[in-house]
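# Reading the structure
Residue strings, one per chain:
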Amino acid sequence: MATDGSSSSRSILYSGYGCICPTEDERWQCQNTREMIEDRSELETGIVGLGNIGQYHAERLVDLGVTLAGGMDIAPEARTRFARRYDADVYDDHHELYDSIDAVIITTPNKYHEKYAIDAFERNLHVLLEKPLGHSTESAERIATAAAASDGYAMVGFNNRFANTVQIVKNRIDRGELGDVSHIEANYVRRRGIPGRGSWFTQRRIAGGGALIDLGVHAIDLALYLLGYPAVEEVSGIARSEFGSREEYAYLDMWADDAGPDGFDVDDSASAFIRCAGNRTISLEVAWATNRPATHEFVARGTESAARFDLLDGDLTFHSASKVGPDHLEDTTIETRQNDTHSDEQREFFDRIVSEGTRGNSIEEALTVQRVINGIYRSSDAGHTVPIEE
């Protein structure tokens, strides 16, 4: 690193695109340092949370040529495994890790996002935070406030945006080829896919919810992304717990060990209708478990054409009608290669840090998603439609 490790030095060297250096000497140093970090390999990067998701990110950091400076986890076995695998420094205190890095990827359980993200933002570190923004709306709002006050670049892990299939659809929407897109059908449904009962995923106090906050966060973000993130006005929804709380839950495999129904106090499916400004709407179906075939199908309905795609398989078809010649219907199948969405997400994150261009910020969009999720839970409890207030 070119800094002495202090947060004040880092805020000068990596403050972004409006230089905040108070003297000419420091401004000269800042300008020359920005010229030096045109390569993402010069950004010392750490990971907080060294479980499966943390290692998943670490593998891609190495492939991208990013400098993996170290990792932090409270579990000794996770630190030992990470250090052995990546030959990187490991810490049980995130403050020590933050002293030696420029950017951090946070992959902890939802409840702990706030602690690690806010400390990183206060040090002006660049932060890639796994979804969701927080385990509650209040926590998410505090994270968003800290991000807005920081000179670090902030990004939330909505990796599905980077799928080639999604980008093809988004590009055609932006070019107007689908006409006025007014409705998105968003499905993220597993037939039997509850994460390990008793793991943090199935505990409300840590995760903040179940299938809705785990899978629904992806589906809601992607639907709003395709619509151009209009203001959300109201939601009507129901969150259900019909399978995970059963003593006899039939399944073929599970992500982690099954501790039984005593370790499950969250929803395992949710249905919702989301109304946005301009009469744009979203119908949402998410489930960890249900008695129906799994589906990851999204449909973007436009006045000129509709796009139907499978989020995981990558199948994509455009549907339209024409009066050129005899009236007819057209179904156009698109083939593209599958891509590693997490790698492309990381590439975007690091390239935006070192770029001199305008940097986007998905924190405010992630906060909107959090408010929608909270609205669905509130609607489910109240038994009626509820407004979404910014």
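First, a word on what this report is: a plain description of the structure on this page. Residue positions are given per chain, counted from 1 along the sequence in the order it is written. Residues qualify for local features only when their pLDDT is at least 70, as the model is predicted, and side-chain atom pairs are given and counted only at 80 or more; totals for whole chains, interfaces and linings, by contrast, use all residues. Hydrogen atoms and water are omitted, and side-chain values are computed over all heavy atoms in the structure.

## A few points about the overall build of the protein chain
Rule in force here: Think of it this way: any DSSP run of H or I at least four residues long counts as a helix, any run of E at least two long counts as a strand, and we number them from the N terminus. Three exposure classes are used, based on accessible area relative to the maximum for each residue type with a 1.4 Å probe and protein chains only: buried under 20%, partly exposed in between, and exposed over 50%. Here the open area of atoms and residues is found with the Shrake-Rupley method and a 1.4 Å probe, where only the protein chains shown may cover a residue.
Scanning the protein chain from N- to C-terminus turns up twelve helices and 15 strands. Residues counted as buried form 54% of the 390 residues belonging to the protein chain. In the structure as shown, the protein chain presents an accessible area of about 17,400 Å², 44% of it carried by carbon and sulfur atoms.

## As for the pairing of strand E1 (residues 44–48)
Stated precisely, the cut-off is as follows: DSSP calls a pair of strands paired once it identifies at least 2 bridges connecting them. Every crossover in which the path from the first strand over the helix to the second runs clockwise, viewed with the strands pointing away from the viewer, is termed right-handed.
The element E1 is largely enclosed, with a buried count of five among its five residues. Of the two faces of E1, both are covered, the one formed by Glu 44, Gly 46 and Val 48 as well as the one formed by Thr 45 and Ile 47. Two strands pair when backbone bridges link them, and E1 and strand E2 (residues 67–72) are joined in this way by five bridges, in the parallel orientation. Counterpart to Val 48 in the pairing with E2 is Met 72. Viewed along the sheet, the connection from E1 through helix H3 (residues 52–64) into E2 turns out right-handed. Judged from the four bridges that link them, E1 and strand E4 (residues 103–106) form a sheet pairing that is parallel. Looking across to E4, one finds that Gly 46 is bridged to Val 104.

## Topic: unusual backbone geometry
Outside of glycine, negative phi angles account for most residues, and trans bonds account for most peptide bonds. Following Lys 131, the chain continues to Pro 132 via a peptide bond in cis, the omega torsion being -10°. Here Pro 132 shows up in the loop between strand E5 (126–130) and helix H7 (137–149). Despite not being glycine, Asp 87 shows a phi value in the positive range, around 50°. Topologically, Asp 87 is positioned in the loop between helix H4 (76–86) and strand E3 (89–91). When its relative accessible area of 73% is taken as the criterion, Asp 87 is described as exposed.

## A few points about the pattern of salt bridges
Inclusion rule: Throughout this description, the term salt bridge denotes a Lys or Arg side-chain nitrogen within 4 Å of a carboxyl oxygen of Asp or Glu.
Following the criterion strictly, the structure yields 18 salt bridges and no others. Across the pair Glu 177 and Arg 172 runs a salt bridge whose closest N-O atoms are separated by 3.8 Å. A salt bridge links Glu 177 to Arg 175; the shortest N-O distance between them is 2.9 Å. In the salt-bridge network here, residues are joined through shared partners; they are Arg 161, Asp 221 and Glu 365.

## Focus on the layout of surface pockets
The condition is simple: Any residue with an atom within 4 Å of a point lines the site, the site being either a cavity, points on a 1 Å grid over the protein atoms alone where a 1.4 Å probe fits but cannot get out, or a pocket, an open set with protein on both sides within 12 Å along at least 5 of 7 lines. Grid points are joined across faces, edges and corners, and a volume is the space filled by probe spheres set on the points.
As a volume, the largest pocket reaches approximately 700 Å³. Around the largest pocket sit 30 residues that line it, and Ile 53, Lys 131, Arg 190, Asp 214 and His 218 are the ones nearest its centre. If you list the elements that add at least two residues to the lining of the largest pocket, you get H3 and helix H10 (211–227). Estimates place the volume of the second largest pocket at around 480 Å³. Lining the second largest pocket are 24 residues, with Gly 49, Gly 51, Asp 73, Thr 108 and Pro 109 sitting closest to its centre. Residue assignment for the lining of the second largest pocket shows that the elements contributing at least two residues are H3, H4 and helix H6 (113–122).

## A word on helix H8 (residues 164–174)
Which entries qualify depends on this criterion: Arc, as used here, means the arc of the directions from the helix axis to the C-beta atoms. Working rule for contacts: check all heavy atoms of both residues, and any pair within 4.5 Å makes them a contact.
Within H8, the full set of buried residues consists of Thr 165, Val 166, Val 169, Lys 170 and Ile 173. The buried residues of H8 occupy an angular sector of 130° when the element is viewed end-on, so they sit on one face. Residues of H8 that are buried in the fold lie against strand E7 (181–189), H10, strand E11 (297–302), strand E12 (306–310) and strand E13 (316–322).

## Quick word on the packing of H3 against helix H11 (residues 341–354)
Going by this rule: Axis lines are fitted to C-alpha atoms, over the contacting stretch for helices. Their N-to-C directions set the angle, which ranges from 0 to 180 degrees. When an angle is under 35 degrees it counts as roughly parallel; over 145 it counts as roughly antiparallel; between 65 and 115 it counts as roughly perpendicular; any other value is oblique. Helix crossings get a hand from a simple test, with the near helix turned counterclockwise from the far one by less than a right angle marking a left-handed crossing and a clockwise turn marking a right-handed one.
With their axes 10 Å apart at the nearest point, H3 and H11 run at an angle of 60° to one another. As summarised for this structure, H3 and H11 are arranged oblique, according to the angle between their axes. Note that H3 runs across H11; the crossing there is right-handed. Note on element contacts: H11 touches H3 through His 342, Ser 343, Glu 345, Gln 346, Arg 347 and Phe 350, opposite Tyr 56, His 57, Arg 60, Leu 61 and Leu 64.

## What about helix H12 (residues 363–382)?
What counts, and what does not: Take the residue count of a helix, subtract one, and multiply by 1.5 Å to get its expected span.
When the terminal C-alpha atoms of H12 are compared, their 28 Å separation across 20 residues agrees well with the 28 Å that a helix rising 1.5 Å per residue should span. Of the residues flanking the end of H12, it is Gly 383, one or two places downstream, whose phi is positive at about 80°.

## Points about the packing of H7 against H12
Rules: All amino acids are sorted into three groups, where Ala, Val, Leu, Ile, Met, Phe, Trp, Tyr, Cys and Pro are nonpolar, Asp, Glu, Lys and Arg are charged, and the leftover types, Gly among them, are polar.
In contact at an axis separation of 10 Å, H7 and H12 are set at 170° when each is read in the N-to-C sense. In terms of their interaxial angle, H7 and H12 are classed as roughly antiparallel. Across the interface between the two elements, Thr 137, Ala 140, Glu 141, Ala 144 and Ala 147 from H7 touch Ile 363, Glu 364, Leu 367, Gln 370, Arg 371 and Asn 374 from H12. Tallied by class, the residues present in the contact of H7 with H12 amount to five nonpolar, three polar and three charged.

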